[in-house]
Amino acid sequence: MSVVYDARDQVHEDGMVMPAVYDAVISLNHELLLSVLAEGHFVDEPWGKWTPLYALVMTYKWHDNIPKILHTLLKNGADANIECQERLSYRCDTKFFSTPLLELVVRFYRQNEGSRVQMISWLIRHGADVNYVDTRGQSILCWAAGGLDRVYVVQLLINSGVSSSLDDALHTAAFEGNVKVARYLVEMGASTTRRNRNGYTAVDFARMCSQLCSKNSRNAFADGEWTDQFPDEWTH
């Protein structure tokens with residue numbers, strides 16, 4: 001049975017009524033989304049500072065319709081590379097921008113990991129820029145390396161042609177105590193001795209991490225679990 005779209009009383013602060021596609025997306029109503037798209041509503045029409053696709057990945061509470069909605073948006077031509085302004089920068093002098101792929105990587109929670117990896121894969125397959133760098137100068141690869149220590153997310157980005165610095169990503173993984181990601185990045189050629197612009201190596205960051213991380217991560221770094229051939233300075 002088809003759903004007839006009936007605009008709700010969703011009004012933005014500037015008096016704009018919420019677009020049909022955006023309304024269906026934030027309602028997590030897949031059937032309604034299919035209906036409004038069939039009626040010809042523009043898939044990327046924003047409400048305020050966000051597109052429907054960006055609003056979807058910013059959803060805090062998981063719902064089983066989220067992957068279906070994302071796939072439907074992409075299949076109907078949603079642009080995966082439209083930059084949207086982050087919520088926290090609305091009233092700041094410095095405006096921070098992001099993309100759906102970056103936010104999905106940043107918000108890679110433990111819940112429903114398989115579905116989240118599939119969503120990242122779909123975004124990349126539909127042209128999402130894996131080399132995007134946010135307003136702060138942080139690459140998507142660095143965000144992934146500093147996340148939940150999930151090698152397969154970093155691996156997916158690298159296998160998709162990411163050209164961001166592996167060394168920078170290793171610095172992030174080391175500082176966050178992500179042993180598995182750090183080991184993988186070293187295997188892929190990241191340097192444990194290259195210094196960043198502040199003069200620190202990944203080893204230095206690992207030492208900083210040792211005072212902040214859990215006992216398991218601390219012991220793993222102390223044992224040199226990144227690689228079979230870690231620098232001598234590692235254990236000093």
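Note that the structure is a prediction, hence the values are computed from the model and not measured. (Residues numbered from 1 in each chain as written. Predicted model: local features only at pLDDT ≥ 70, side-chain atom pairs only at ≥ 80, totals over all residues. Heavy atoms only, no water.)

**Student:** For this particular structure, what's the right way to read the pattern of salt bridges?
**Tutor:** A side chain of one charge can pair with a side chain of the opposite charge if their charged atoms are brought near each other. Following the criterion strictly, the structure yields six salt bridges and no others. Its salt-bridge partner being Glu113, residue Arg150 comes within 2.9 Å of it at the nearest N-O pair. Linking Arg150 in the loop between helix 7 (140–145) and helix 8 (151–159) with Glu113 in helix 6 (residues 113–125), this pair joins segments that are 37 residues apart in sequence. Here Arg195 makes a salt bridge to Asp204, at a shortest N to O gap of 3.7 Å. Note on Arg195: relative accessible area 51%, which makes it exposed. What emerges from the salt-bridge pattern is a single network uniting Asp167, Asp168 and Arg194. (Salt bridge = Lys/Arg side-chain N within 4 Å of Asp/Glu carboxyl O. Helix = DSSP H or I, 4+ residues; strand = E, 2+ residues; numbered from the N terminus. Buried < 20%, exposed > 50% of the residue type's maximum accessible area, 1.4 Å probe, protein only.)

**Student:** Quick question: what am I supposed to make of helix 4 (residues 65–75) here?
**Tutor:** Given 3.6 residues per helical turn, the α-helix brings residues three or four places apart onto the same face. Summarising burial for helix 4: eight of the 11 residues are buried, a large majority. Three or more residues of helix 4 are buried, namely Asn65, Ile66, Pro67, Ile69, Leu70, Thr72, Leu73 and Leu74. With its phi angle positive at about 95°, Gly77 sits one or two positions after the end of helix 4.

**Student:** Before we go on, may I ask you to explain the layout of surface pockets in this structure?
**Tutor:** A water-sized probe, rolled over the atoms, reveals where empty space remains. Within this model, the largest pocket holds a volume of roughly 450 Å³. Forming the walls of the largest pocket are 16 residues, and the residues nearest its centre are Gln138, Asp168, Thr172, Asn196 and Arg197. No other element matches the four residues that helix 9 (residues 166–176) contributes to the lining of the largest pocket. The class makeup of the residues in the lining of the largest pocket is four nonpolar, nine polar and three charged. (1 Å grid on protein atoms, 1.4 Å probe; cavity = no way out; pocket = protein on both sides within 12 Å on 5 of 7 lines; lining within 4 Å. Points joined across faces, edges and corners; volume = space filled by probe spheres on them. Nonpolar A, V, L, I, M, F, W, Y, C, P; charged D, E, K, R; others polar.)

**Student:** Quick question: what am I supposed to make of empty space enclosed by the protein here?
**Tutor:** Scanning the entire structure with this criterion turns up two cavities of 30 Å³ or more. Considered as a void within the structure, the largest cavity measures approximately 60 Å³ in volume. Leu56, Val57, Thr59, Tyr60, Lys61, Trp62, Ile66, Leu104, Arg116 and Met119 together form the lining of the largest cavity. Looking at the lining of the largest cavity, the elements with two or more residues in it are helix 3 (52–57) and helix 6. When the residues that make up the lining of the largest cavity are grouped by side-chain class, the tally is seven nonpolar, one polar and two charged.

**Student:** Quick question: what am I supposed to make of the packing of aromatic side chains here?
**Tutor:** Geometry of an aromatic ring pair is reported as the spacing of the ring centres plus the angle between the planes. For the structure shown, the criterion picks out five aromatic pairs. Taking 6.3 Å as the distance between ring centres and 65° as the angle between the ring planes, the aromatic pair formed by Phe108 and Tyr152 counts as edge-to-face. Highlighted residues: Phe108 in the loop between helix 5 (100–106) and helix 6 and Tyr152 in helix 8, separated in sequence by 44 residues. Looking at Phe108, the relative accessible area reads 7%, which means it is buried. One aromatic cluster in this structure is built from Phe175, Tyr200 and Phe205. Directly above the aromatic system of Phe96 lies the positively charged group of Arg136, at a separation of 4.3 Å from the ring centroid. (Phe/Tyr/Trp six-rings, centres within 6.5 Å; stacked < 30°, edge-to-face > 60°. Lys NZ or Arg CZ within 6 Å of the ring centre and 35° of its normal.)

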